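This is what each chain is made of:
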Amino acid sequence: MTSLLMMLAAAGTSTEATFWMPEGASTVAPDVDGLFDFINLICYIFFALVVAALIWFAIRYRQRKGQHTFEGGPTHNMALEITWTAIPTVIVVVMFILGLQTFLDLRTSPGNAYDINVTAQKWSWTFQHPEFAVTEAAELTVPANRPVRLLMGSQDVLHSLFVPAFRVKQDVVPGRYTSLWFEATQPGTYQLYCTEYCGKDHSLMLATVHVLEWDEFQAKMGKLAREYEEIPESQLPSYALTRLYNRCASCHTLDGSSSTGPSFKGLWERTAEGTTVFTDGSTLADLQKPGGVYDIPENYIRASLVNPQAHIVQGYTGAMPSFQGQLKERQIDALVLMIKHLDKLVDDQGNILENPDLGSETPQEGAADDNG
Amino acid sequence: MTTVDTRGPAPVLDNYLTHSRGLRSWLLTLDHKRIGLMYLVSVLGAFFLGGMFALLVRTQLLTPEGLIMDGDQYNQAFTLHGAIMVFLVIIPSVPAALGNFVLPIMLGAKDVAFPRLNLFSYWLWIVGAIFFVLSLFTGGLDTGWTFYTPYSVDQGSAMAGVIPALTGAFILGFSSIFTGMNFIVTIHRLRPPGMTWFRMPLFLWAIYATAIIQVLATPVLGITLALLIVERAFGIGIFNPVLGGDPVLYQHFFWFYSHPAVYIMILPAMGIISDLIAVHSHRHIFGYGFIAWSSIAIAIFSFLVWGHHMFTSGQSELVTVVFSLITFSVAIPSAVKVFNWLATMYKGTISWNTPMLYGMGFIFIFTIGGLTGLHLGTLGTDIHLHDTYFVVAHFHYVMMGSALIAFIGGIHHWWPKMTGRMYNENWGRFAFALVFIGFNLTFFSQFMLGSQGMPRRYASYVGLQQDVFQPYHIASTIGSYVLALGFFITAGYLIQSLIGGRRASANPWGGRSLEWQCTSPPPHDNFSEAPTVGDCYDFSVLRWDEQEQGYVWREDVPHPQQEEVEAT
């Protein structure tokens, strides 16, 4: 039964959402759903039998007025007891075997899979495509009708990657790699969740999966690969805000409110003036004296990205992971510029302005260490 | 406690409640009945607290963005709900509260084997509970009741209340171990003449099987929690990969206890149901031997299935397959117990009173809880369902809808014995209806939530599927309010019965186990004369007596007292 559904799935279509299951958009989805329906059917039958007997006996054999003495009744019946032990045993063995088949399909990645490296950290996902040297954040773009294998690692605690439409899930464990594969069958947009509890913003550790036909997929990868190189200098702060900030957003607000980390609002002013106070009581100004490590204020922002544990701002825990190696130099430039010009990019409430006025001197700044 | 109160008029009938007076006589009592009653009050207090956290959680999820709490607050609410309900409520509920009261009387003993140890267990429970509450005020607790590593041992992740909470769970573990040990020794050593193993009521078999798990599994939890404390406090690498540890190892240790713990919760409940169904159907239990042995079998198998909590954890695929297979083997004895209960009702004389309604409610709910375990035990479907609301619904059907429903049913069943008063039966039936409807509305919705993809432990559910999820969440929250109302009404009429309830006869339901042979409430030493041990499920020898408002021995059946004594 399940192998038949497997063959239907190869036709490359998605299944509609049902009462029980969301839409299915991977090759294994019909297989999992068929198994689920089979178990449901067994459950319906047993449940109906049990409840019918329960209600029938409760009504038929209710204690009536004046019924004050009782029959002894049988104490056991070996044949009956063996029968009702044997039948469920056979059924669960069948269930186990069907479940095993599906599990092996779910876990056995085909050889020609398209590889993606996944990094999970509180509370964001990073997807890296080695084939195109592209890194995506909070969005995962995959080709349709081609097996995709995710090689996953965690920077901090346990996470778990779950895409309901694909019926796949795998924990992401710090200190080792885990992997997962699927073959999406239908171009579209699907939800990706973190399903292993990871703290404050666990429920915001989401990503969107975009399934594209191979041609479109290649085109998009090509575009993403060149994006940060081709973006004009004047657009870098906006690029950082729209394309990079989503990885910061779960901890750093734009409106001045405190979250897991300090707000980006006013961050540049605090940095330039050296008023930031650290957990050890020292201030940034101490480190900014001539010849100090951060005599150029931009260097403090840069260090906070690649080595965030070096100095923890007072009132916060050192929850931030390092982005060393995950960001290209030009992306770091963009983030520094974004923080520097944030007051021109967003309004007081932290809403992104449509046409920011960055002034004329912007493009030259921060280009000192640009090596693209 | 041996000081008999001589002030005031002596009660007409001396019982354990009136035997001695004053707060001291309760707090330092060695009487298993008083200790059981103190457990009952304490556990119900914790149940109230855990229930309030549950209502906060459900209210939060009315809207996709989350209605009343931020992420940190929600995480504390669900953590404390889970930790309180597991460690402070369900695990001690039936064995420590009802078991303590009923076990020695059912057995025909005067007390448990080690009354002082029993009192010590109770006070350990209190100390453990204090530590739990302390965790709230020492930085909060947001790890989930499972304390998964490395989150729980990472100073930068979990809140600072982890160590008090772990200490609390560690202490509660010892309370549980001592209770289990006490019960094992009591059943082995204190059975009076005539009380052979296979004459014991099935509740005792269930408590005995439970005690074995408590004694063998809980030390593993204790050691694991101690390792967590050491790792978090001193930075010694055991489970944290940053320090060279292995986070999946923690999951193995944790579930090696916590899966058997599921049976610490459900086995005593099954024991209660076996007795409730038989007594209130006035019909001999069907398949006594099978039910008794299946309790022991389940206790043993429960140690071999922990890995089914870890199908997506990164454990080896071969191990995963083996655990799936063994998991199915536990399904069989559970299924057969349901058939046995139904066969007991067949051709019975079924009283539609509150304990029986809870018994039938249990069969309905446990059937759903058990059957949905099949979806989770099956590998292919578990991958999709793991860590979603489907799992949440499944274990609430088993732990709340089955274990706690049986506990509430048991409270009603033994209420006349414990308090000497009858509660109002009509209010009881009405409250049961609310509890039953509220429960199913709350948790059946969560099956669909989970299979549609809603992950558990989410403070909000904004995303592409929020419109699918929200109606189910609203239904679930409404259900939880109905459920809460049912429990509040239950508390109301039970408390009212203490003041205005009709006095209970010795045997108001028609039970034949020994607790129905002593007065309600029982005397301090349980029996004023040696009880007669017989087939505790043969109800054909009893008849209703209108004047007594209870069941008495039939005059036309010879009383077996003489034969029994000789036979042993």
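Treat the numbers as computed from the prediction; the structure is a model and nothing was measured.

Description of the overall build of chain B
Helix and strand content of chain B: 15 helices and 2 strands. For 568 residues, the compact-globule estimate of 2.2 N^0.38 gives 24 Å, and chain B sits close to it at 24 Å. Projected onto its principal axes, the C-alpha coordinates of chain B cover approximately 70 × 50 × 45 Å. Per-residue burial over chain B gives 62% buried out of 568 residues. Expressed as a percentage of contacts within chain B between residues at least 6 apart in sequence, the contacts between residues at least 24 apart total 82%.

Some details on the overall build of chain A
The number of helices and strands found in chain A is 10 helices and 10 strands. Against the 2.2 N^0.38 benchmark of 21 Å for 372 residues, chain A shows a C-alpha radius of gyration of 29 Å, more extended than a compact globule. Along the first, second and third principal axes, the C-alpha set of chain A runs to 100 × 55 × 40 Å. A total of 372 residues make up chain A; the buried ones form 39% of that total.

Quick word on the nonpolar core
One finds Leu-204, Met-265, Ala-269 and Ala-403 of chain B to be the most contacted residues of the largest nonpolar core, which totals 237 residues. For this core, the leading source of residues is helix H3 (residues 71–107) of chain B, giving 23 residues. Mapped onto the domain boundaries, this core takes at least three residues apiece from domain 1 (2–61 + 76–107) and domain 2 (114–218) of chain A. If sequence neighbours within four positions are ignored, Met-265 of chain B has contacts with Ile-90, Ile-91, Met-399 and Ala-403 of chain B.

Here we look at the environment of Leu-40 of chain B
Checked against the element boundaries, Leu-40 of chain B lands in helix H2 (residues 32–60). Remark: the alpha-carbon pair of Leu-40 of chain B and Ser-93 of chain B, spanning 53 residues in sequence, is separated by 7.2 Å.

Comments concerning the sheet that holds strand E1 (residues 114–121) of chain A
Whenever strands of a sheet pair, they do so through backbone hydrogen bonds, lying parallel or antiparallel. All names here are of chain A. The strand order across the open sheet built from 5 strands is E3-E2-E1-E5-E8, with neighbouring strands paired in mixed fashion. The two strands at the open ends of the sheet, each matched to only one other strand, are strand E3 (134–137) and strand E8 (178–183). Averaged over all neighbouring strand pairs, the angle between strand axes comes to 25°, with direction disregarded. Alignment of strand E5 (residues 147–154) against E8, held across 6 bridges, turns out to be antiparallel. Following the sheet pairing, Pro-147 is matched in E8 by Glu-183.

Here's the deal with unusual backbone geometry
With an omega of -10°, the peptide bond between Lys-122 of chain A and Trp-123 of chain A qualifies as cis. Following the sequence through the fold, Trp-123 of chain A ends up in the loop between E1 and strand E2 (124–129). In this chain, Thr-149 of chain B is followed by Pro-150 of chain B through a cis amide linkage whose omega measures 0°. Take Pro-150 of chain B: it is sitting in the loop between helix H4 (115–137) and helix H5 (162–189). The phi dihedral of Phe-147 of chain B falls on the positive side, at around 55°, and the residue is not glycine.

Observations regarding the pairing of strand E7 (residues 168–172) of chain A
All names here are of chain A. Among the 5 residues in E7, 5 count as buried, and that is most of the element. Every second residue of E7 is oriented toward a common face, with Val-168, Gln-170 and Val-172 on one face and Lys-169 and Asp-171 on the other, all of them buried. Between strand E6 (residues 159–163) and E7, which pair antiparallel one after the other, the connecting turn spans 4 residues, and Arg-167 there sits at a positive phi close to 65°.

A closer look at the domain arrangement of chain A
Here chain A is partitioned into domain 1 (2–61 + 76–107), domain 2 (114–218) and domain 3 (231–364). Class assignment of the residues belonging to the side of domain 1 of chain A that touches domain 2 of chain A gives a composition of 7 nonpolar, 6 polar and 1 charged.

Regarding the sheet that holds strand E9 (residues 188–194) of chain A
Residues and elements named next belong to chain A. In space, the 5 strands of this open sheet follow the order E4-E10-E9-E6-E7, with mixed pairing throughout. Each end of this open sheet is capped by a strand with a single partner; those strands are strand E4 (139–143) and E7. Adjacent strand axes in the sheet meet at a mean angle of 25° when their direction is disregarded. The strands touched by helix H4 (residues 214–230) are E4 and strand E10 (207–212); relative to E4, the strand with the most contacts, the crossing angle is about 135°.

Describing the confidence of the model for chain A
With 92% of its residues at a pLDDT of 70 or more, chain A has an overall mean of 87. Note on residues 1–11 of chain A: pLDDT is under 50 here. Beyond four places in sequence and across chains, it has 20 contacts.

Digging into the interface of chain B and chain A
When the parts of a complex come together, some accessible area is lost, and that lost area is often used as the size of the interface. Chain B puts 81 residues into the contact, and the matching count from chain A is 75 residues. The element contributing the most residues to the side of chain B that touches chain A is helix H9 (residues 317–345) of chain B, with 13 residues.

Quick look at the confidence of the model for chain B
Residue and element names in this part refer to chain B. Per-residue pLDDT for chain B averages 92, and the proportion of residues at 70 or more is 96%. This model gives residues 1–12 a pLDDT under 50, and the stretch forms 11 contacts once residues within four places in sequence are excluded. Taken over the whole predicted complex, pTM reads 0.87, whereas the ipTM for its chain interfaces reads 0.92.

Section: H4 of chain B
Residue and element names in this part refer to chain B. If you check H4, its first and last C-alpha atoms are 34 Å apart, about what 23 residues at 1.5 Å a residue would give, namely 33 Å. Buried positions along H4 lie against H2, H3 and H5. Where H4 terminates, the next one or two residues include Gly-139, which has phi positive at roughly 115°.

As for the packing of helix H10 (residues 354–377) of chain B against helix H12 (residues 389–419) of chain B
Packed helix pairs are characterised by how far apart their axes lie and by the angle those axes make with each other. Residues and elements named next belong to chain B. For the pair H10 and H12, interaxial distance at closest approach is 8 Å and the crossing angle is 160°. By the criterion of interaxial angle, the relationship of H10 to H12 is roughly antiparallel. Of the two possible hands of crossing, H10 and H12 adopt the one that is left-handed. In the contact of H10 with H12, the residues fall into 13 nonpolar, 12 polar and no charged.

Some points on the environment of Phe-407 of chain B
Residues and elements named next belong to chain B. Relative to the helices and strands, Phe-407 resides in helix H12. Spatially, the C-alpha atom of Phe-407 lies 9.3 Å from that of Ile-273, the residues being 134 residues apart in sequence. Beyond its immediate stretch of four places on either side in the chain, Phe-407 contacts Ser-93, Val-94 and Ala-269.

Details of the packing of helix H7 (residues 247–281) of chain B against H10 of chain B
Residue and element names in this part refer to chain B. Where H7 meets H10, the closest approach of the two axes is 9 Å, and the angle between their N-to-C directions is 125°. Relative to H10, the element H7 is oriented oblique. Both H7 and H10 take part in a crossing whose hand is left-handed. Counted together, Ile-273, Leu-276, Ile-277 and His-280 of H7 and Pro-355, Met-356, Gly-359 and Phe-362 of H10 form the full contact between these two elements. Residues belonging to the contact of H7 with H10 are distributed by class as follows: 6 nonpolar, 2 polar and no charged.

Observations concerning the pairing of E2 of chain A
The side chains of a regular strand alternate, residue by residue, between the two faces of the sheet. Residues and elements named next belong to chain A. Taken together, the 5 bridges between E1 and E2 define a ladder with antiparallel strand orientation. Bridge assignment links Ala-120 to a residue of E2, and that residue is Trp-125. As paired elements, E2 and E3 share 4 bridges and run antiparallel to each other. What sits directly across from His-129, in E3, is Val-134. Connecting E2 to the antiparallel partner E3 that follows it, the hairpin turn spans 4 residues, and Ala-133 within it adopts a positive phi of roughly 50°.

Side note on H9 of chain B
The terminal C-alpha atoms of H9 of chain B lie 44 Å apart, and with 29 residues this matches the ideal 42 Å at 1.5 Å per residue to within 8%. Remark: Lys-347 of chain B follows H9 of chain B within two positions and exhibits a positive phi of approximately 60°.

Side note on the environment of Ala-504 of chain B
Residues and elements named next belong to chain B. Along the chain, Ala-504 turns up in the loop between helix H14 (466–500) and strand E1 (542–545). On the basis of neighbour count, Ala-504 is assigned to the buried category, with 23 C-beta atoms found within 10 Å. It is 8.4 Å that separates the C-alpha atoms of Ala-504 and Thr-419, two residues lying 85 residues apart in sequence. Those residues within four positions of Ala-504 in sequence are excluded, and the remaining contacts are Pro-416, Gly-420, Arg-421, Met-422 and Ser-520.

Rules used in this analysis
- Residues numbered from 1 in each chain as written.
- Chains lettered and ligands numbered in written order.
- Predicted model: local features only at pLDDT ≥ 70, side-chain atom pairs only at ≥ 80, totals over all residues.
- Helix = DSSP H or I, 4+ residues; strand = E, 2+ residues; numbered from the N terminus.
- Rg over C-alpha atoms; globule rule 2.2 N^0.38 Å.
- Buried ≥ 20, exposed ≤ 12 C-beta atoms within 10 Å, placed from the backbone.
- Contact = placed C-beta atoms within 7 Å.
- Core = buried A, V, L, I, M, F, W, Y, C linked by C-beta atoms within 7 Å.
- Domains from an automatic or database assignment.
- Pairing = 2+ DSSP bridges.
- Axes fitted to C-alpha atoms, helices over the stretch in contact; angles between N-to-C directions.
- Nonpolar A, V, L, I, M, F, W, Y, C, P; charged D, E, K, R; others polar.
- pLDDT = per-residue confidence, 0-100.
- Expected span 1.5 Å × (residues − 1).
- Parallel < 35°, antiparallel > 145°, perpendicular 65-115°, else oblique.
- Left-handed = near helix turned anticlockwise from the far one by under 90°.

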